[in-house]
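A structural walkthrough
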Amino acid sequence: MSSDGGQKTAILSVYDKTGLLDLAKGLQDRGVKMLASGGTARMMREANFPVEDISTITKAPEMLGGRVKTLHPAVHGGILARDLASDAKDLAEHSIDKIDYVVCNLYPFSETVAKINVTIPEAVEEIDIGGVTLLRAAAKNHSRVTIISDPKDYHDFLTELEKHGEVSEKSRQMYALKAFEQTAEYDTAISDFFRKKYASDGAQQLALRYGANPHQKPATVFMKDSKLPFKVLCGAPGYINLLDALNAWPLVKELSQALNYPAAASFKHVSPAGAAIGVPLSEVERKVYMVDDIDGIESSGLAQAYARARGADRMSSFGDMIALSTEVDVPTAKIISREVSDGVIAPKYSDEALEILKKKKGGKYLILEIDPEYEPPATETRSVYGINLRQHRNDARISPSDTFNTIITPKDSGPLPESALRDLTVATIALKYTQSNSVCYALNGQVIGLGAGQQSRIHCTRLAGDKADNWWLRFHERTLSIKWKKGIKRASKSNAIDMLCSGSVPESGIEREDFEANFEEGQVPQSFSAEERKAFLEKLSEVAVSSDAFFPFIDNVFRAARSGAKYIAAPTGSQNDQPVFDTAEKLGITFVEQHIRLFHH
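Residues numbered from 1 in each chain as written. Predicted model: local features only at pLDDT ≥ 70, side-chain atom pairs only at ≥ 80, totals over all residues. Heavy atoms only, no water.

As annotated in an unreviewed UniProt entry, the protein chain carries the name AICARFT/IMPCHase bienzyme and comes from Glonium stellatum. In UniProt, the protein chain has this text filed under Sequence similarities (unreviewed entry): "Belongs to the PurH family." (UniProt positions renumbered as here; feature names shortened; annotations may be inferred.)

Structure follows, in structure tokens:
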């Protein structure tokens, strides 16, 4: 491991000179020959340490204003040489000595580009070439060479030399790892700077309004090595807009591929408020979803899909991010144009539909066009509290033909009907993109109730069931026949209907007065009695329920049954699986084992 003649040799080339003289003293005490470049050599020499300029071995002066200092075979041959006879022969032929230690840190590129109004030429001059090459060469040959790239490591390095006379293999490995991480981070900083300068027009990078909150600035979205897979056709995206859009798009893409229907999703805060496929709407459904006056809706599967997705839970969909699986047509654009929404993502827009949407929000409505052929990498990484997490992307495939074939109860059950397979598929794919824990109720090709982000499974089941009940009561004749006061806005109508159907109509006071102000004089709808609610909810049936993980207790089955559950799909593995299966059978519910847990965070 030593240089020829037994004396060890170190090359020092540092921008950050913290601790340099203490390091030089330690190396001198160990009898290490020291070679240094430029300012490093000057500082050591002024402190009376024996140091030689690197030019004494390269026989070439620094040139180009310091751009070329250490790039020479005499330097890198000495660093990269292995303990092999063939390498020793090459070194001897060219009179090159081995280098044992390399001490190097880099020009402060990140600090330079962080300065206000830094120019590209200024940044370019801070791109270290020779230093990075020293780091990589020494780190590559860490089986023999020790690379010290952090002044914080000087003390431990010298202590190990003093105690043992050499650097252990484990220490060399960790120093090399640090050096590789530093060069990777350095290159990332450089590419980030030039991506911002050369490709921040939306090609590879795009500035966002702010992060999750207005005080979290700056915020950007970017891709490495390729263009962004979407274009901004109108508006300016925010951080949460994109979190919603990039979760909602794969949901509708997968729904459409699995069921061969146009699909739509209404997203809020990284969970779907609703999701659906384009099953034709009945006349009553068009009224419930407030689209009975949309021309051409009956011929647009996409418009009917979004009417279902938005109509599932109009309160939660207020201000949504919309995802649509196919080209946006005029009927779909007309529905969107009159709803409160933050934006839409789709693979294509007809010219007329695009013009309709561009007029929304005073011309600031967010319109994203996604490349339908884009496939994300198999591995995904995220940073939490400065710590990186990496996992294989959840590419589990949910399909009606393959996912729901294991029927647990009843034992003698035949194949599930197509409607059940369809609705279980809708519910399960929706869960794949819902914050866990989550439970989803589906019917008629759409989500009708979704419980997201609850720590307790039963609270998911209750929340989703309550939403499903609310959805169903909107089909009650009393709800359908409401007489609205002229000029009442859609959001106010949705809120009043929600209060009526959820049983939360205020009894008195100014809140009651506010509620009554929505209706024609003398036409305030009467609240549903407990008996009326029970009688109408008993008519809800054939509901498909899916869970992103197993049901730990039978209370989930009881609650699902109260909202018309006929089919339940969930993973198994709980100690209480059998009681859950038995309860489902007693209640006439078909329980299907869904083999894939679908936690999403």
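Turning to the overall build of the protein chain, a few remarks are in order. Assigned secondary structure in the protein chain consists of 24 helices and 21 strands. A compact globule built from 601 residues would reach a C-alpha radius of gyration of about 25 Å, whereas the protein chain, at 33 Å, exceeds it by more than 25%. Overall, the C-alpha framework of the protein chain stretches about 100 × 55 × 45 Å when taken along its three principal axes. If you take every contact in the protein chain between residues at least 6 apart in sequence, the share linking residues at least 24 apart comes to 59%. Summed over all atoms, the accessible surface of the protein chain reaches about 29200 Å², with 51% contributed by carbon and sulfur. In the protein chain, 72 positive and 80 negative side-chain charges are present, and the distance between their average locations comes to 2 Å. (Helix = DSSP H or I, 4+ residues; strand = E, 2+ residues; numbered from the N terminus. Rg over C-alpha atoms; globule rule 2.2 N^0.38 Å. Contact = heavy atoms within 4.5 Å. Areas by Shrake-Rupley, 256 points an atom, 1.4 Å probe, with all protein chains shown as cover. Lys, Arg positive; Asp, Glu negative; His and termini not counted. Charge placed at Lys NZ, Arg CZ, Asp CG, Glu CD.)

Attention now moves to the pairing of strand E9 (residues 263–268). Counting buried residues in E9 gives five out of six residues, a clear majority hidden from the surface. Of the strand pairs in this sheet, E9 and strand E10 (residues 271–277) are connected by six bridges, and their pairing is antiparallel. Of the residues in E10, the one forming a bridge with Ala264 is Ala276. Hairpin geometry of E9 and E10 is characterised by an intervening segment of two residues between the two adjacent antiparallel strands and by a positive phi of about 50° at His269. (Buried < 20%, exposed > 50% of the residue type's maximum accessible area, 1.4 Å probe, protein only. Pairing = 2+ DSSP bridges.)

Attention now goes to a nonpolar patch on the surface. Residues Val384, Tyr385, Ile387 and Leu389 make up a contiguous nonpolar surface patch of roughly 480 Å² in combined accessible area. Examined against the element boundaries, Val384 turns out to sit in strand E14 (residues 379–384). (Patch = residues over 30% accessible without salt bridge, like charges linked within 9 Å, V, L, I, M, F, W, Y side chains within 5 Å. Salt bridge = Lys/Arg side-chain N within 4 Å of Asp/Glu carboxyl O.)

On to the side chain of Ser494. If you trace the backbone, Ser494 turns up in helix H20 (residues 490–502). By relative accessible area, which is 9% here, Ser494 ends up buried. A polar side-chain atom of Ser494 sits 2.8 Å from a polar atom in the side chain of Arg314. Here Ser494 is in contact with Met290, Arg314 and Met315, once residues within four sequence places are set aside. (Polar contact = N/O pair within 3.5 Å; in protein donor to acceptor, adjacent residues only side chain to side chain.)

Quick look at the pattern of salt bridges now. Counted according to the given criterion, the structure contains 27 salt bridges. A salt bridge links Arg338 to Asp293; the nearest nitrogen and oxygen atoms lie 2.6 Å apart. Taken together, the residues span a long stretch of sequence, with Arg338 in the loop between helix H15 (330–337) and strand E12 (341–346) and Asp293 in the loop between helix H12 (283–288) and helix H13 (301–312) at a distance of 45 residues. Here Asp293 falls in the partly exposed class, since its relative accessible area comes to 49%. The shortest N-O distance in the salt bridge between Arg310 and Glu339 comes to 3.5 Å. Placement of Arg310 in helix H13 and of Glu339 in the loop between H15 and E12 is noted, with a sequence separation of 29 residues between them. Of the residues examined, Arg310 reaches a relative accessible area of 3% and is grouped as buried. Since its relative accessible area comes to 4%, Glu339 is described here as buried.

For Ala549, the location among the structural elements is in the loop between strand E19 (543–547) and helix H23 (555–562). Measuring from C-alpha to C-alpha, the distance between Ala549 and Asp225 comes to 37 Å, with 324 residues separating the pair along the chain. Contact partners of Ala549, with chain neighbours within four places excluded, come to Arg457, Ala570, Pro571, Arg597 and Phe599.

So, about the packing of aromatic side chains. A ring pair, where both rings are aromatic, is described by two values, the distance of the centres and the angle of the planes. Using the criterion set out here, one finds 14 aromatic pairs in the structure. A ring pair is formed by Phe194 and Tyr198, whose centres lie 5.4 Å apart and whose planes are at 35°; its orientation type is tilted. With Phe194 and Tyr198 both in helix H10 (residues 169–198) and four residues apart, the pair spans about one turn of that helix. On the numbers, 5.3 Å between centres and 25° between planes, the contact of Trp484 with Phe519 is stacked. Of this pair, Trp484 sits in the loop between helix H19 (477–480) and H20 while Phe519 is found in the loop between helix H21 (509–516) and helix H22 (530–537), placing the two residues 35 residues apart along the sequence. Each member of the aromatic cluster is reached from another via a ring pair, and the members are Phe109, Tyr186, Phe193, Phe194 and Tyr198. When the ring centre of Tyr210 is taken as reference, the NZ or CZ atom of Arg209 above it lies at 5.6 Å. Positioned over the ring face of Tyr365 is Lys360, at 5.4 Å from the centre of the ring. (Phe/Tyr/Trp six-rings, centres within 6.5 Å; stacked < 30°, edge-to-face > 60°. Lys NZ or Arg CZ within 6 Å of the ring centre and 35° of its normal.)

With their axes 9 Å apart at the nearest point, helix H8 (residues 130–140) and H10 run at an angle of 145° to one another. In the packing of H8 onto H10, the handedness of the crossing is left-handed. On H10, the residues that touch Val132, Leu135, Arg136, Ala139 and Lys140 of H8 are Ala176, Ala179, Phe180, Thr183 and Tyr186. Split into classes, the residues belonging to the contact of H8 with H10 amount to seven nonpolar, one polar and two charged. (Axes fitted to C-alpha atoms, helices over the stretch in contact; angles between N-to-C directions. Left-handed = near helix turned anticlockwise from the far one by under 90°. Nonpolar A, V, L, I, M, F, W, Y, C, P; charged D, E, K, R; others polar.)

In this model H13 runs 17 Å from its N-terminal to its C-terminal C-alpha over twelve residues, within 8% of the 16 Å that 1.5 Å per residue would give. Here H13 lies mainly inside the structure; eleven of its twelve residues are buried. (Expected span 1.5 Å × (residues − 1).)

With that settled, consider the sheet that holds strand E5 (residues 146–148). If you walk across this open sheet you meet the five strands as E3-E2-E1-E4-E5, and the pairing is parallel. Each edge of the sheet is formed by a strand with only one pairing partner; in this case those strands are strand E3 (52–53) and E5. Examined bridge by bridge, strand E2 (residues 33–36) and E3 share two bridges and lie parallel to one another. Bridged to Leu35 within E3 is Glu52.

It is worth spelling out the environment of Ala570 at this point. Structurally, the position occupied by Ala570 is in strand E20 (residues 565–570). In this structure, the C-alpha to C-alpha distance between Ala570 and Asp555, residues 15 residues apart in sequence, is 15 Å. Beyond its immediate chain neighbours, meaning those up to four positions away, Ala570 contacts Ser547, Ala549, Phe551, Phe591, Val592, Glu593 and Gln594.

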